[in-house]
Amino acid sequence: MSNPQRSRIVLVAACVVAFGATALVGLRADAPAPRPSAQAPFTSQSNAEMAGALITAARASDPVVCEIAGHTLGVQFYFSGMPPVVSGMRPADPVAAAVGPWTTRPIEDADVVPPLASALADANPCVRNLSSRLLGRTRHPDAADALLEALQTGREPAQEAAAIGLGMKDERRFVPALLVALSEGGPTLRAISAWALGRIEDRRATLALVNALDDTVEDVSVAAAAALGSIEDPAGVAPLNRNLADGSVGLRLAAARALGQIEDSRAVAALINALGDVDPLVREAAARSLGRIEDAAAIEPLGRALSDSDPRVRTRAAWALGEIDDPRGVAPLGRALADDDVRVRRAAASALGKIEDPASLPALVQALADADKDVRRGAVRALGEIDDPRAVDPLRRLLSDPEPEVQVATARALQEIGSPESIDALIGAAGDGNPQVRHSMVRALTDFRDDRAAGALIRALGDTEAEIRRTAAAGLRKTKSPQAVDPLVGVLNDSELGVRTSAATTLGNIKDRRATPALVAAMHDDDARMRAVVAKALGEIRDPAAIATLGAAVSDRDNRVRRAAVQALAGMNDSRAVDALVSALEDDDPEVRRRAARALGQRR
């Protein structure tokens, strides 16, 4: 194949890959994801100068690398496994450096349009490709006009490029011109026009796209099916059903996916039939679409699909049963927890958590011993969703799981179940050596208004991790336990601001005047945020012993503190509070003055 031919195929692939018919030339669908690209370098060039540099670089670029570069400019025509990023290119390719700045640079000026518009007719497909995408990203209205003119009056290679740019712009006014291109253009233009119409999602295109399903070129029919899915017009269901039953593999796959996007129950029978398709990708897509439609008629067929020979189909069938959320899916999903493929087991555990039926408890408890940590974690989460106290004892064992993420999930599940037995289990694990695990246990205990939970949270105030101390201090608000006052006072001098403010807030919620002296002392904290929180806490406690301190805080250098002090004094029924509020009427901050005036007005 000659280089010009290969370059042309790459441009065609911009549309074809989106619809699953083929893969990009030179790329593997199962290729590992490249590392994220570095931030685009700063440049002092104008957009017009940069556009010229990009066009020059495109002429020297490998076509496949050019296509990847085009994806970084805003349109990604691929399913999965091919993240197109600049760092995936060879440094020697000039287009890599030329594209980089455009990935984050806004394009709003008109002077970039003329060179890019001229480039739409360039003989080099890489130049046309990148120019169309830059015009698609350009916000100036001249860019849209240039693309529309190229589609209507240009030669077919320029029209193909223009259609991509118009699809990126996603404006309804382009529909008539794209419909003409879909009807009268060559195969590549028809396919790209169908894609663009799908991007615009205007139902005026439905009939033309339905007709394009019968196009003699598979790329066009596949593009039309995908576009009908994007538009989500129920009028597309019947023709897509027909193509799902009798079409090429690529068209059947696109039809199955599109029917899931439309989510119309009239597609259920055809999609159930497609679960027996000879191609596993079609069967997987059918299962996914049945999950999106959520029709109970699919439960039994999806249950049978859990015995499919392809693990991808079984995985998707398990997911779909979870989406349908019907207890009749519990039995087949319970059996799927013993599947040989770990992906199926993970999906089954997750699906059972969505259904939330206690009947799945035995199978999920058994899955707690699975060799895969993600299956165990999924089973733990499902048991938490089911919220059955019978799960507490089996879950207790997972609090010592070798994987911290399983322990964390277990703490959350026990928190959701919320039984007295859950508290005992969490308290026993709150001293774990892993900070992440300890934090999850402490966070779970904050949901319980129980003396045992309060005791564990009080002990956590002495943890070496500041975030755990902060969570414990905040969690004690719910318990409002008087036994927490002295321990909370003890952390008002904590080295971490978040711990101090959480402790002060909780003391204000408990409203115990034993905390007043310590809070008064904390009004001298170096951080204004802490002083403001303390003032609010003193206002909630309403201890007259704090009035002098709050009165002094009305003159604090930080307006947040002054506002909080005025608000606190508003609730104090004492003449000293009135004097401080009167002085606040002359504050520089209008909000301080407003609060003081309102407080004084309420006293009349």
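Residues numbered from 1 in each chain as written. Predicted model: local features only at pLDDT ≥ 70, side-chain atom pairs only at ≥ 80, totals over all residues. Heavy atoms only, no water.

A. Structural detail: the overall build of the chain. The helix and strand tally for the chain stands at 36 helices and 0 strands. Looking at the chain as a whole, 55% of its 604 residues are labelled buried. Restricting the contact set of the chain to residue pairs at least 6 apart, pairs at least 24 apart contribute 69%. Just so you have it, the chain exposes about 26000 Å², and 48% of that area is on carbon and sulfur atoms. (Helix = DSSP H or I, 4+ residues; strand = E, 2+ residues; numbered from the N terminus. Buried < 20%, exposed > 50% of the residue type's maximum accessible area, 1.4 Å probe, protein only. Contact = heavy atoms within 4.5 Å. Areas by Shrake-Rupley, 256 points an atom, 1.4 Å probe, with all protein chains shown as cover.)

B. Main features of the nonpolar core. Core analysis: the biggest nonpolar cluster contains 194 residues, and Leu 130, Leu 209, Leu 302 and Leu 519 have the highest contact counts within it. Contacts of Leu 519, omitting those with residues within four sequence positions, involve Leu 492, Ala 504, Leu 507, Val 534, Ala 537, Leu 538 and Ile 541. (Core = buried A, V, L, I, M, F, W, Y, C linked by side-chain atoms within 4.5 Å.)

C. Spatial organisation of empty space enclosed by the protein. Under the defined criterion, the tally for this structure stands at 2 cavities of 30 Å³ or more. Empty space within the second largest cavity amounts to approximately 30 Å³. When residues of the lining of the second largest cavity are traced back to their parent elements, those giving at least two are helix H30 (497–510) and helix H32 (528–541). The element that contributes the greatest number of residues to the lining of the second largest cavity is H32, accounting for 4 residues. Grouping the amino acids of the lining of the second largest cavity by side-chain chemistry returns 3 nonpolar, 1 polar and 2 charged. (1 Å grid on protein atoms, 1.4 Å probe; cavity = no way out; pocket = protein on both sides within 12 Å on 5 of 7 lines; lining within 4 Å. Points joined across faces, edges and corners; volume = space filled by probe spheres on them. Nonpolar A, V, L, I, M, F, W, Y, C, P; charged D, E, K, R; others polar.)

D. Structural detail: the pattern of salt bridges. As enumerated under the stated definition, the model contains 41 salt bridges in all. A salt bridge links Arg 576 to Asp 574, with the shortest nitrogen-to-oxygen separation between them at 3.1 Å. Among the ionic contacts, a cluster of salt bridges with common partners joins Arg 346, Asp 372, Asp 374 and Arg 377. (Salt bridge = Lys/Arg side-chain N within 4 Å of Asp/Glu carboxyl O.)

E. A look at the side chain of Arg 190. Within the secondary structure layout, Arg 190 lies in helix H10 (residues 187–200). Separated by 2.8 Å, the side chains of Arg 190 and Asp 215 make a polar contact. (Polar contact = N/O pair within 3.5 Å; in protein donor to acceptor, adjacent residues only side chain to side chain.)

F. Structural view of a negative patch on the surface. On the surface, a cluster of negative charge is contributed by Glu 294, Asp 325, Glu 356, Glu 385, Asp 387 and Glu 416. Within the fold, Asp 325 resides in the loop between helix H18 (311–324) and helix H19 (330–336). (Patch = residues over 30% accessible without salt bridge, like charges linked within 9 Å, V, L, I, M, F, W, Y side chains within 5 Å. Lys, Arg positive; Asp, Glu negative; His and termini not counted. Charge placed at Lys NZ, Arg CZ, Asp CG, Glu CD.)

G. Structural detail: the confidence of the model for the chain. A residue-level look at the chain finds 89% of positions with pLDDT of 70 or above and a mean pLDDT of 88. In this model, residues 1–42 is a region of pLDDT below 50 whose contacts with residues beyond four sequence positions or in other chains number 88 contacts. Here residues 77–92 is modelled with pLDDT under 50, and outside its nearest four sequence neighbours on either side it reaches 55 contacts, counting other chains as well. (pLDDT = per-residue confidence, 0-100.)

H. Just helix H13 (residues 237–245), in detail. Restricting attention to buried positions, one finds in H13 the residues Val 237, Pro 239, Leu 240, Asn 241, Asn 243 and Leu 244. Buried positions along H13 lie against helix H11 (206–212), helix H12 (218–231), helix H14 (249–262), helix H15 (268–274) and helix H16 (280–293).

I. Main features of the packing of helix H20 (residues 342–355) against helix H22 (residues 373–386). Viewed as axis vectors pointing N to C, H20 and H22 meet at an angle of 10°, and their least axial separation amounts to 7 Å. The orientation of H20 relative to H22 falls into the category roughly parallel. On the side of H20, the interface is formed by Val 342, Arg 345, Arg 346, Ala 349, Leu 352 and Gly 353, while H22 contributes Asp 374, Val 375, Gly 378, Ala 379, Ala 382 and Glu 385. Here the residues of the contact of H20 with H22 are counted per class, giving 6 nonpolar, 2 polar and 4 charged. (Axes fitted to C-alpha atoms, helices over the stretch in contact; angles between N-to-C directions. Parallel < 35°, antiparallel > 145°, perpendicular 65-115°, else oblique.)

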